[in-house]
Amino acid sequence: MSQYVTSTSDKKKKTALLLCIFLGWLGIHYFYVGRWGKGFLYMFTIGFFVFGWWFDIYKIATGGFRDNAGAPLRE
């Protein structure tokens, strides 16, 4: 018999959401979850031309946002 283990990130969803809402255009939420490359992309493109910023707020709120290891954020 096999068991399934679900891995979750050590990063909190609420913290990532607040960082995204207030500083998302700088990519701070990506730095928080360890995705430095995308963080710098957002920093230099003003939240990937603002559209990426709004999309990330939606993704974090609905639980589709992942950390650098691909794990979902912790509640």
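In what follows, the structure referred to is the one given above.
Heads up: these notes are all about the structure in this document. Source: prediction; values computed, not measured.

### Details of the packing of helix H1 (residues 13–23) against helix H5 (residues 51–62)
- Put simply, H1 and H5 touch, their axes get as near as 9 Å, and they point 165 degrees apart. It follows that H1 is roughly antiparallel to H5 by the angle criterion. Taken as a pair, H1 and H5 cross one another with a handedness that is left-handed. Contacts between H1 and H5 involve Lys13, Ala16, Leu17, Cys20 and Ile21 on the former and, on the latter, Trp53, Asp56, Ile57, Ile60, Ala61 and Thr62.

### Things to note about unusual backbone geometry
- For Phe48, which is not a glycine, the phi torsion comes out positive at approximately 50 degrees.
- Structurally, the position occupied by Phe48 is in helix H4 (residues 46–49).
- The phi angle at Val50 is positive, at roughly 70 degrees, despite the residue not being glycine.
- Val50 gets classed as partly exposed once you look at its relative accessible area, which sits at 34%.

### Topic: H1
- For H1, the complete set of buried residues consists of Lys13, Ala16 and Cys20. Buried residues of H1 fall within an arc of 65 degrees about the axis and therefore sit on the same side. Residues Lys14 and Phe22 are exposed on H1 and point more than 90 degrees away from its buried face.
- The inward-facing, buried residues of H1 abut helix H2 (28–32) and H5.

### Section: the nonpolar core
- Residues Ala16, Cys20, Tyr30, Val33, Tyr42, Trp53, Ile57, Ile60, Phe65 and Leu73 constitute the largest nonpolar core, which totals 10 residues.
- Of all elements in the fold, only H1 and H5 reach the threshold of two or more residues within this core.
- Of all the elements, H5 adds the most residues to this core, at three residues.
- Excluding its chain neighbours within four sequence positions, the residues that come into contact with Cys20 are His29, Trp53, Asp56, Ile57 and Ile60.

The rules we used
- Residues numbered from 1 in each chain as written.
- Predicted model: local features only at pLDDT ≥ 70, side-chain atom pairs only at ≥ 80, totals over all residues.
- Heavy atoms only, no water.
- Axes fitted to C-alpha atoms, helices over the stretch in contact; angles between N-to-C directions.
- Helix = DSSP H or I, 4+ residues; strand = E, 2+ residues; numbered from the N terminus.
- Parallel < 35°, antiparallel > 145°, perpendicular 65-115°, else oblique.
- Left-handed = near helix turned anticlockwise from the far one by under 90°.
- Contact = heavy atoms within 4.5 Å.
- Buried < 20%, exposed > 50% of the residue type's maximum accessible area, 1.4 Å probe, protein only.
- Arc of directions from axis to C-beta.
- Core = buried A, V, L, I, M, F, W, Y, C linked by side-chain atoms within 4.5 Å.

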